[in-house]
Amino acid sequence: MGIIKLMHAKLHRVRVTEAKRDYVGSLTIDSDLLEKVGMLPLEEVQIVNINNGNRWSTYVLPGEAGSGIVCPNGGAALLCQKDDLLIIWANEQCDRSEILKNGHEAKIIVADENNHCQELLYQTLTPNQGSVEFHSLPGIPEGHTSS
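Definitions and limits used
- Residues numbered from 1 in each chain as written.
- Predicted model: local features only at pLDDT ≥ 70, side-chain atom pairs only at ≥ 80, totals over all residues.
- Heavy atoms only, no water.
- UniProt positions renumbered as here; feature names shortened; annotations may be inferred.
- Contact = heavy atoms within 4.5 Å.
- Helix = DSSP H or I, 4+ residues; strand = E, 2+ residues; numbered from the N terminus.
- Buried < 20%, exposed > 50% of the residue type's maximum accessible area, 1.4 Å probe, protein only.

(A) Structural context of the UniProt feature "modified residue: Pyruvic acid (Ser)" (unreviewed entry) in the chain. Under the UniProt annotation, the feature "modified residue: Pyruvic acid (Ser)" (unreviewed entry) is placed at Ser 26. Ignoring sequence-local partners within four residues, the contact set of Ser 26 consists of Thr 58, Tyr 59, Leu 61, Cys 71, Pro 72 and Asn 73.

(B) Up close: the UniProt feature "binding site: substrate" (unreviewed entry) in the chain. This chain's UniProt record puts "binding site: substrate" (unreviewed entry) on Thr 58, Gly 74, Gly 75 and Ala 76. In terms of the greatest pairwise C-alpha distance, the residues named above, spread along 19 residues, form a tight cluster of at most 10.2 Å across. Within the element layout of this structure, Gly 75 appears in the loop between strand E5 (70-72) and strand E6 (85-95). With relative accessibility at 48%, the residue Gly 75 sits in the partly exposed group. Note on placement: Ala 76 falls in the loop between E5 and E6. We classify Ala 76 as buried; its relative accessible area is 10%.

Set out below in structure tokens:
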């Protein structure tokens, strides 16, 4: 059936903390955020600036854990300014027939005003008789355990 691209990780409404034009490209993101959604350093990401509609792609560099840093570097620094809100997502290539058979899961963080996890969501594709059903489910809140 072929290879398709599906989102596997998303950072929703993260705030630009700084923008460094004089830097060798990329996007620096708090490593805690990267880890929670499963993005890897050097992974390609897509970005949209909610404030002005600019869109671009680049790769991720890990920033200091817990810092809340979201810093577009190089040319991307010209596409946004401090306090702009971004949506950042990463895709992965998947075999369509495997998705129809086994499903798929993406992790999404909705950020608070300090770029910390306000809400963790799981968006899933669940196999159902040769098709898939889409579900968006809340994750376990920070500091809680399942019972």
